[in-house]
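Descriptive structure summary
Chain by chain, the residues run as shown.
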Amino acid sequence: MSYQWVLLLKNNLILTLIMNQTTGKYIILIGAVIILCGIIFYFFHDSFKWLGRLPGDVRIERKNFHFYFPIVTLIIISIFVTLVINIIKKLS
């Protein structure tokens, strides 16, 4: 059984979302990956101290103000995730 939702967005753009068993499997898989990452970070947080403290990450700390934007860390994570997704696509 599949469900179909039609969403009306700005400028009368219509987006159709189709939910079926395959979509549900992907949602469960994504949830399992998030839980696995959480467990890894929970138990091995000492190994990831460098993450977010790379050269190029913006960090401004004042007396009553803290601003932190880890741009280089985000770029490296984005490249890693892109490589993983491309490898999965080529294998399937």
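Refer to the preceding data block for the structure.
As the structure is a prediction and not an experimental result, all values here were calculated from the model.

**Some thoughts on the environment of G52**
Position of G52 relative to the elements: it lies in the loop between α1 (21–43) and β3 (58–61). Residues G52 and F69, 17 residues apart in the sequence, show an inter-C-alpha distance of 8.7 Å. Apart from the residues lying within four places of it in its own chain, the contact partners of G52 are D57, Y68 and T73.

**Points about the side chain of T73**
One can find T73 in helix α2 (residues 71–91). Classification of T73 by relative accessible area gives buried; the value is 5%.

**Remarks on the layout of surface pockets**
The space that makes up the largest pocket amounts to roughly 710 Å³. For the largest pocket, the lining is made up of 19 residues, of which V33, F80, V81, V84 and I85 are closest to its centre. Class assignment of the residues belonging to the lining of the largest pocket gives a composition of 17 nonpolar, one polar and one charged.

Each value, and the rule that gives it
Residues numbered from 1 in each chain as written. Predicted model: local features only at pLDDT ≥ 70, side-chain atom pairs only at ≥ 80, totals over all residues. Heavy atoms only, no water. Helix = DSSP H or I, 4+ residues; strand = E, 2+ residues; numbered from the N terminus. Contact = heavy atoms within 4.5 Å. Buried < 20%, exposed > 50% of the residue type's maximum accessible area, 1.4 Å probe, protein only. 1 Å grid on protein atoms, 1.4 Å probe; cavity = no way out; pocket = protein on both sides within 12 Å on 5 of 7 lines; lining within 4 Å. Points joined across faces, edges and corners; volume = space filled by probe spheres on them. Nonpolar A, V, L, I, M, F, W, Y, C, P; charged D, E, K, R; others polar.

Keep in mind that these numbers describe shape and distance, not what the molecule does.
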